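# Descriptive structure summary
Residues per chain are reported as follows:
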Amino acid sequence: MRIGNEQSLAQSRPLTGTQKRGNVPSPDYTDFHFNTKTAPAMSDEKYKTAIIEQAKKDQAAGKFQSDSAGFRNLVKSYVSAVSPDRKSIISEGLKAIYKNIRQEPKTFNLLDYMFGSVKYSREANDVSYAEFYDSNGEMVASYSNGRWISYGTKAENARESELWGIYNQAWNSAAKASQGAANGSSAASIDIKG
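Definitions and limits used
- Residue numbers run consecutively from 1 along every chain, following the written order of its sequence.
- Local features in a predicted model are, by the rule used here, given only for residues with pLDDT of at least 70; side-chain atom pairs are given and counted only at 80 or more, and totals for whole chains, interfaces and linings are based on all residues.
- Calculated side-chain values reflect all of the structure's heavy atoms, with hydrogen atoms and water omitted.
- A carboxyl oxygen of Asp or Glu within 4 Å of a side-chain nitrogen of Lys or Arg is what we treat as a salt bridge.
- Helix numbering and strand numbering both begin at the N terminus, where a helix is a DSSP run of H or I of at least 4 residues and a strand a DSSP run of E of at least 2.
- Note on exposure labels: buried denotes an accessible area under 20% of the residue type's maximum, exposed denotes more than 50%, and partly exposed covers the range between, all computed with a 1.4 Å probe on protein chains only.
- Every residue gets a pLDDT, meaning the predictor's confidence in that residue, from 0 to 100.
- The contact criterion used is simple: two residues touch if any of their non-hydrogen atoms lie within 4.5 Å.
- Stacked, tilted and edge-to-face are the three classes assigned to paired rings of Phe, Tyr and Trp, where Trp is represented by its six-membered ring and a pair needs centres within 6.5 Å; plane angles under 30 degrees give stacked, over 60 edge-to-face, the rest tilted.
- Our definition puts a charge over a ring when NZ of Lys or CZ of Arg is within 6 Å of the ring centre and also within 35 degrees of the ring normal.
- One less than the residue count of a helix, multiplied by 1.5 Å, gives the span that helix is expected to have.
- The directions considered for the arc are those from the helix axis to the C-beta atoms.
- At least two DSSP bridges between two strands are needed for those strands to be called paired.

### Comments concerning the pattern of salt bridges
In a structure, side chains of opposite charge can pair up when their charged atoms sit close to one another. All chains considered together, the criterion is met by four salt bridges. Glutamate 53 is the partner of lysine 56 in a salt bridge, and the nearest nitrogen-oxygen pair spans 3.3 Å. Separated by three residues within a single helix, lysine 56 and glutamate 53 lie in helix 1 (residues 44-61), roughly one turn from each other. Residue lysine 56 is classed as partly exposed on the basis of its relative accessible area, which comes to 28%. Residue class for glutamate 53 comes out partly exposed when judged on its relative accessible area of 42%. With a shortest N-O distance of 3.3 Å, lysine 95 and glutamate 92 are connected by a salt bridge. One end of the pair, lysine 95, and the other, glutamate 92, are both in helix 3 (residues 86-99), three residues apart, so they sit about a helical turn from each other. With relative accessibility at 35%, the residue lysine 95 sits in the partly exposed group. Glutamate 92 sits in the partly exposed class, given a relative accessible area of 47%.

Here you go:
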């Protein structure tokens, strides 16, 4: 975790929940882009079937990917199964920041930032910047001037790409089948290989 307190003229509204630690409001874990570890809602085979069915439904409704609430819900559920426990990482990180009363030097050099030797810097209870890392050393979130940003891990990115592949193939097959049916073709079947 790397924490800093750079004074900034920019003002932003927090995109967060209602709980706070110090001046830092908690992230909104229900947000589409802010995943935290959850148990899988179904098996991977059932997810694949649900993704294919959602793609067919979306194609028929003229929607694609994030235009569809069903797609967004599937992505959140499917990816969260491999997500780090961002909620605990952030909660424990903020707890450590506010528990520690040690003052860090106010002047840092570029090497301190590059090699992570700066742990945090704060004035009183004001934190304007923080980075949070999982046990693999991957940055999973940052907080800057009232805004939270979630960063996908390698596992999350791979799982999301897998979902997109299944969805896109099923959506394209449904579009071809629909187009074939509209053109009077009797071979309007959907074949998804997996």
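### Overview of the confidence of the model for the chain
For the chain, the average pLDDT comes to 78, and 72% of its residues sit at 70 or higher. Within the chain, helix 1 carries the highest mean pLDDT (96), whereas strand 1 (residues 2-4) carries the lowest (42). Of the regions scoring below 50 in pLDDT, residues 1-16 engages in 57 contacts with residues more than four places distant in sequence or in other chains. Here residues 116-121 is a poorly scored stretch, pLDDT under 50, and it has 19 contacts once near neighbours within four places are set aside; other chains count.

### Comments concerning unusual backbone geometry
Leaving glycine out, the prevailing phi sign among residues is negative, and the prevailing peptide bond configuration is trans. In the Ramachandran plot, glutamine 65 falls in the positive-phi region, its phi being about 45° despite a non-glycine side chain. With respect to the helices and strands, glutamine 65 occurs in the loop between helix 1 and helix 2 (69-80). Taking relative accessible area as the criterion, glutamine 65 reaches 18% and is therefore assigned buried.

### With respect to the packing of aromatic side chains
This structure, assessed with the given rule, holds eight aromatic pairs. Aromatic side chains phenylalanine 132 and tryptophan 148 sit 5.6 Å apart centroid to centroid with 35° between the ring planes, which places their arrangement in the tilted category. Placement of phenylalanine 132 in strand 4 (residues 129-133) and of tryptophan 148 in strand 6 (residues 147-150) is noted, with a sequence separation of 16 residues between them. Three or more aromatic residues joined by ring pairs form one cluster here, namely Tyr29, Phe34, Phe132, Tyr143 and Trp148. When the ring centre of tyrosine 47 is taken as origin, the NZ or CZ atom of arginine 159, which lies over that ring, is 6.0 Å away. Seen from the ring of tyrosine 78, arginine 159 lies directly overhead, with NZ or CZ sitting 3.7 Å from the centre.

### A short note on helix 3
Between its terminal C-alpha atoms helix 3 stretches 20 Å, which fits the 20 Å expected from 14 residues at 1.5 Å a residue. Restricting attention to buried positions, one finds in helix 3 the residues Arg86, Ile90, Gly93, Leu94, Ile97 and Tyr98. For helix 3, the buried positions fall inside an angular range of 125° around the axis, keeping them on one side.

### Some thoughts on the pairing of strand 5 (residues 139-144)
Strand direction decides the pairing type here: strand 4 and strand 5, joined by five bridges, are antiparallel. Looking at the pairing, tyrosine 133 lines up with methionine 139 of strand 5. Counted between consecutive antiparallel strands, the loop separating strand 4 from strand 5 contains five residues, among which glycine 137 sits at a positive phi close to 85°. Sheet topology places strand 5 next to strand 6; four bridges connect them, and they run antiparallel. Residue pairing in the sheet places alanine 141 in a bridge with serine 150 of strand 6.

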